[in-house]
Amino acid sequence: MNCDRGIWPRLTALLGSALTFNVALAPLCTFGVGGRARAMACLETEVQAAEVRRLAAAEGLPVLILGGGSNLFFVDDFQGLILKLGSGFKKIQRLEGDRVQVGSAVASSVLLKAALGWSLSGLEGLAGIPGSVGGALMMNAGSGGSSIGETVESLDCLDAQGCRLSFKARDLVFSYRHLAGLPAGSLISSARLKLKEAEREQIKSDLFCRFQARRFSQPKGVKSAGCVFKNPAGDSAGRLIDLCGLKGSRVGGCEVSQIHANFIINRGGASGRDIVELIRHVIQVVYERYGLLLEPEVKIIGPGGEVTIDDI
Ligand code: EPU
């Protein structure tokens, strides 16, 4: 990496005050952990995003595209550039034929509310799931058997070099908490979703039931990243962790939630390394008891980008 030779002056010239240095990471993720990032850029337009990506790729500068920060945590520092998507990625528009065009920086809750206002159904699986539309698409977020991928008609993206690409649903494979078909490092700019007209009261009552179910089964008002592990086929990670008696297990400032065992909560003062150690402990105990290797659903961000639990 030769990024000290000149990328920072060029990024500063391009972004002005939208580029900040030595940025605290804890406020950027819902777990509330992490050290500092070398820099963060708030990108207002796709053209700007393309240029920043081009420069970063040419200099080998690690880049992290940050949505709502609700499904990742930082182990410590991040030695690259964080990209936050601004107003140019926050448009939402109803199109003809029950379609919606939505920018990737729109909060999932805002999309859900707009769809309800238009009496459009299909996104109810996002009820209560925090984060942005971009993050929801990348993770194929959902619950109760339905996920956002089922509604996708097309995606507009920028690849790691800043080239604009469009993908139709037939180019993409959405599976459980996973999207395949995009080049590595793609930044989703916007999505076209095909929804279905329905009775507004029906959508409302479906959403109400889903919110209620979450209210009583999941921790609220605490720092966490939702479910930490993917569910193994045909079972629930939370159920297995609970059966292992791990609720309340602690490392440093973090704890396996007493309410839902697939949540780890930051009780205050947790570090990214505490979370890594607790994840490792849970994986080991569940493996010893059930022979099942739980796979983290949350993304773990090391100094140079995403890492696996075995890399740390
Ligand atoms: N269970 C326990 N103990 C626990 C937690 C769950 O015994 O501590 C049991 C429950 O009683 C139930 C079963 O396990 O019989 C399944 O639990 P739940 O309904 O809570 O569903 P889940 O499989 O644990 C999934 C999603 C959640 C989503 C809920 C509700 C994953 C990894 N998790 O959880 O999504 O909110 O269904 O639809 O797919 C997330 O993605 O961050 C998330 C929280």
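Preceding block: the structure.
Small disclaimer: the values here were computed from a predicted structure and weren't measured.

Caption draft 1: Spatial organisation of the nonpolar core. Grouped together as the largest cluster of nonpolar side chains are 41 residues, with contacts concentrated most on Phe73, Phe74, Ile82, Phe229, Ile241 and Ile279. Considering each element in turn, this core owes the most residues, seven residues, to helix H7 (residues 272-290). If sequence neighbours within four positions are ignored, Phe73 has contacts with Cys29, Phe31, Val33, Gly272, Ile275, Val276, Ile279, Val298, Lys299, Ile300 and Ile301. Judged by nonpolar contacts, the second largest core, of 30 residues, contains Ala136, Cys157, Phe167 and Ile188.

Caption draft 2: Representation of the sheet that holds strand S3 (residues 63-66). Pairing in this open sheet of four strands is mixed, and the strands run S1-S2-S5-S3 from one edge to the other. Every other strand in the sheet has two partners, leaving strand S1 (19-24) and S3 as the edge strands with one partner each. On average, each strand axis in the sheet is tilted by 35° relative to the strand beside it, whichever way the strands run. Summarising the sheet, S1 and strand S2 (residues 36-43) pair through five bridges and their orientation is antiparallel. When the sheet's bridge partners are listed, Ala24 is paired in S2 with Arg36. Most of the contacts of helix H1 (residues 7-15) go to S1, to which it runs at about 110°, and overall it touches S1, S2 and strand S5 (78-85).

Caption draft 3: Just the site of the ligand, in detail. Within the structure, the ligand sits among 20 residues, and Tyr176, Cys227, Asn231, Asp242 and Ala261 are positioned closest to it. Tyr176 has a polar side-chain atom sitting 2.7 Å from an oxygen atom of the ligand. Contact distances for the ligand include 3.3 Å between an oxygen atom and a side-chain N or O atom of Ser236. In the complex, the protein chains occlude 69% of the 830 Å² of accessible area that the ligand would expose alone. Looking at the shell around the ligand, the elements that each hand over two or more residues are strand S17 (223-227) and helix H6 (237-243). Considering each element in turn, the shell around the ligand owes the most residues, three residues, to H6. Of the residues that constitute the shell around the ligand, the class distribution is five nonpolar, nine polar and six charged.

Definitions and cut-offs
Residues numbered from 1 in each chain as written. Predicted model: local features only at pLDDT ≥ 70, side-chain atom pairs only at ≥ 80, totals over all residues. Heavy atoms only, no water. Core = buried A, V, L, I, M, F, W, Y, C linked by side-chain atoms within 4.5 Å. Buried < 20%, exposed > 50% of the residue type's maximum accessible area, 1.4 Å probe, protein only. Helix = DSSP H or I, 4+ residues; strand = E, 2+ residues; numbered from the N terminus. Contact = heavy atoms within 4.5 Å. Pairing = 2+ DSSP bridges. Axes fitted to C-alpha atoms, helices over the stretch in contact; angles between N-to-C directions. Near = heavy atom within 4 Å. Polar contact = N/O pair within 3.5 Å; in protein donor to acceptor, adjacent residues only side chain to side chain. Areas by Shrake-Rupley, 256 points an atom, 1.4 Å probe, with all protein chains shown as cover. Nonpolar A, V, L, I, M, F, W, Y, C, P; charged D, E, K, R; others polar.

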